[in-house]
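Secondary and tertiary structure notes
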Amino acid sequence: MSKTLGIGVIGCGNISAAYMRLAPMFAGIEMRACADMNMDAAKARAEEFGLRAETVDGLLASDDIDIVVNLTVPNAHHEVSTRILKAGKYAYSEKPFVLTVEEGQSLKALADAKGLRVGSAPDTFMGGAHQLARSLIDAGAVGKVTSGTCFVQSPGMEMWHPNPDFFFKPGGGPILDLGPYYVSNLVQLLGPVKRVVAMSSKGSDERTITSEPRNGEKIAVETPTTIHAVLQFKSGAQVTYCASWDVWQHGHANMELYGETGTLHVPDPNFFGGEVRMTDKETFVNVPSWEHPLSVANDGPNANYRAAGLADMAQAILEDRPHRCSLEFSLHVVDVMTAILTSGEEGRFVEMTTTCERPAALSATAAQALLA
């Protein structure tokens, strides 16, 4: 196998441009082709980024494509990833990985039978800020983490997304859309979850699109848009997690973890970078200097390294080691999120049916090796 794996993309919507723009930053991968049910969309992206436009069947049959990135809508993730594996390709999915644990288990069985790998976004937990938080927790800088809070709240998605319908259908909502960032980061920081309990509601039965080009259209809301949950981790930590698209403004921090000897303030897991702050008991103290390649601003003021997880998976294939955005890790995150939704619907504690190992920490040296 060569030292560069060919990458193809299925799904040429909003998010595809970020993958295509950022993939050249990484070693071991080369973006080569894209496909979409809408051939015009595939041709437009191909022309924009110097790629080859293919039909979906054509891309899956292409000899120069090793990994296929699944950027379809969430309710198509399982079907498309299944097709990728059946075609003998490695699959890397955008989040959420799948919509049920059963779908993830069927992909695992197929991947194992074919000797293939599956990976899934998000990879933001590999960012420098979150790896710094990981190193502080692992070093015992705030003692054992006993509890925490997470908040991701906004007015919704219909103000900016050109086609926001899927956000408000089953498979969308703030848990399955934004939850992957928060739950993935919590699991890589604290380990697997044991059980959850939640309450959920809808702020309204319909939404009015205010973005263009569909300004004024109505969307029926078919999934909860406000969820308050508590996650109990196998480590014993208990974290309150609130996700809502019914909040105009709030003053809560994105993520705080409370340890026996201090508090760790973790920046928004939706991004790779940000400021990590720490206290010794009640007093803020200096966080150790941390030069990490995936915390360097490269997208205006932000650090944006989307495709880091894809590159790590490609290098892991070449080096025969585990990849960080693994199927087992992503499936456990899905288990947590769907359990939260079940708990909110049924009003009961829900135990996890899966577990996982924490992904390997990504040191500055290891991160540098991912970059071209």
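Residues numbered from 1 in each chain as written. Predicted model: local features only at pLDDT ≥ 70, side-chain atom pairs only at ≥ 80, totals over all residues. Heavy atoms only, no water.

Turning to helix H6 (residues 128-138), a few remarks are in order. One full turn of an α-helix is made of 3.6 residues, so residues set three or four places apart face in the same direction. For H6, the buried fraction is high: nine of the 11 residues fall into the buried class. Turning to H6, its buried residues are Gly128, Ala129, His130, Gln131, Leu132, Ala133, Arg134, Leu136 and Ile137. If you follow the buried residues of H6, they end up packed against strand S7 (145-153), helix H7 (173-190), strand S13 (255-259), strand S14 (263-266) and strand S15 (277-280). With its phi angle positive at about 75°, glycine 140 sits one or two positions after the end of H6. (Buried < 20%, exposed > 50% of the residue type's maximum accessible area, 1.4 Å probe, protein only. Helix = DSSP H or I, 4+ residues; strand = E, 2+ residues; numbered from the N terminus. Contact = heavy atoms within 4.5 Å.)

This part is about the sheet that holds strand S17 (residues 350-351). Hydrogen bonds between backbone atoms are what pair the strands of a sheet, whose relative direction is either parallel or antiparallel. Pairing is mixed across the open sheet formed by nine strands, whose spatial order is S16-S15-S14-S13-S7-S12-S11-S8-S17. Here the strands that pair on one side only, and so sit at the sheet edges, are strand S16 (283-285) and S17. Direction of pairing for S15 relative to S16: antiparallel, over a ladder of three bridges. Bridging across to S16, aspartate 280 finds its partner in threonine 283. Lying on the sheet, H6 is in contact with S7, S13, S14 and S15; it crosses S14 at an angle near 165°. In this fold helix H9 (residues 327-346) packs onto strand S8 (193-201), strand S11 (226-233), strand S12 (238-244) and S17, with an angle of close to 45° to the strand it touches most, S8. (Pairing = 2+ DSSP bridges. Axes fitted to C-alpha atoms, helices over the stretch in contact; angles between N-to-C directions.)

This part is about the nonpolar core. If you look at the biggest cluster of nonpolar residues, it comprises 115 residues, and the most contacted ones within it are Ile67, Leu190, Leu231, Tyr241, Leu264 and Ile340. With 10 residues, the top contributor of residues to this core is H7. The contacts of isoleucine 67, once residues within four sequence positions are left out, are Leu5, Gly6, Ile7, Gly8, Tyr90, Tyr92, Leu310, Met313, Ala314 and Ile317. (Core = buried A, V, L, I, M, F, W, Y, C linked by side-chain atoms within 4.5 Å.)

Listed under "domain: GFO/IDH/MocA-like oxidoreductase" (unreviewed entry) in the UniProt record, and renumbered for this structure, are residues 130-264. As annotated, residues 130-264 has a helix share of 20% and a strand share of 34%, and its two end C-alpha atoms lie 11 Å apart. (UniProt positions renumbered as here; feature names shortened; annotations may be inferred.)

With that out of the way, let us pick up the pairing of strand S5 (residues 90-93). Of the two faces of S5, the one lined by Tyr90 and Tyr92 and the one lined by Ala91 and Ser93 are each fully buried. Across four bridges, the pairing between strand S4 (residues 67-70) and S5 is parallel. From the neighbouring strand, isoleucine 67 faces S5, where its bridge partner is tyrosine 90. You can see the chain leave S4, run along helix H4 (residues 77-86) and come back into S5, and the turn it takes is right-handed. Pairing analysis gives three bridges linking S5 to strand S6 (residues 118-120), with the strands arranged parallel. (Right-handed = clockwise from strand over helix to strand, strands pointing away.)

Let's shift gears to the packing of H7 against H9. Packing of H7 against H9 brings their axes to within 9 Å, and their N-to-C directions diverge by 125°. Comparing their axes, H9 and H7 come out oblique. The interaxial crossing formed by H7 with H9 has right-handed handedness. Between H7 and H9, the residues in contact are Ile175, Leu176, Gly179, Pro180, Val183, Ser184, Val187 and Gln188 and Phe329, His332, Val333, Val336, Met337, Ile340 and Leu341, respectively. Grouping the amino acids of the contact of H7 with H9 by side-chain chemistry returns 11 nonpolar, four polar and no charged. (Parallel < 35°, antiparallel > 145°, perpendicular 65-115°, else oblique. Left-handed = near helix turned anticlockwise from the far one by under 90°. Nonpolar A, V, L, I, M, F, W, Y, C, P; charged D, E, K, R; others polar.)

Here we take up the UniProt feature "domain: Gfo/Idh/MocA-like oxidoreductase N-terminal" (unreviewed entry) in the protein. Within the UniProt annotation, "domain: Gfo/Idh/MocA-like oxidoreductase N-terminal" (unreviewed entry) is assigned to residues 6-119. Across residues 6-119, helical content stands at 41% and strand content at 22%; the span's end C-alpha atoms are separated by 15 Å.

A word on helix H2 (residues 39-49). Taken together, the buried positions of H2 are occupied by Ala42, Arg45 and Ala46. Each buried residue of H2 sits inside an arc of 100° when the element is viewed along its axis, so together they form one side. Structural note: H2 exposes Asp40 and Glu47 on the side pointing more than 90 degrees away from its buried face. Where H2 is buried, its residues contact helix H1 (16-22), strand S2 (29-35) and strand S3 (52-54). N-capping of H2 is provided by asparagine 38, with a side-chain oxygen placed 3.0 Å from the backbone N of aspartate 40. With its phi angle positive at about 70°, glycine 50 sits one or two positions after the end of H2. (Arc of directions from axis to C-beta. Polar contact = N/O pair within 3.5 Å; in protein donor to acceptor, adjacent residues only side chain to side chain.)

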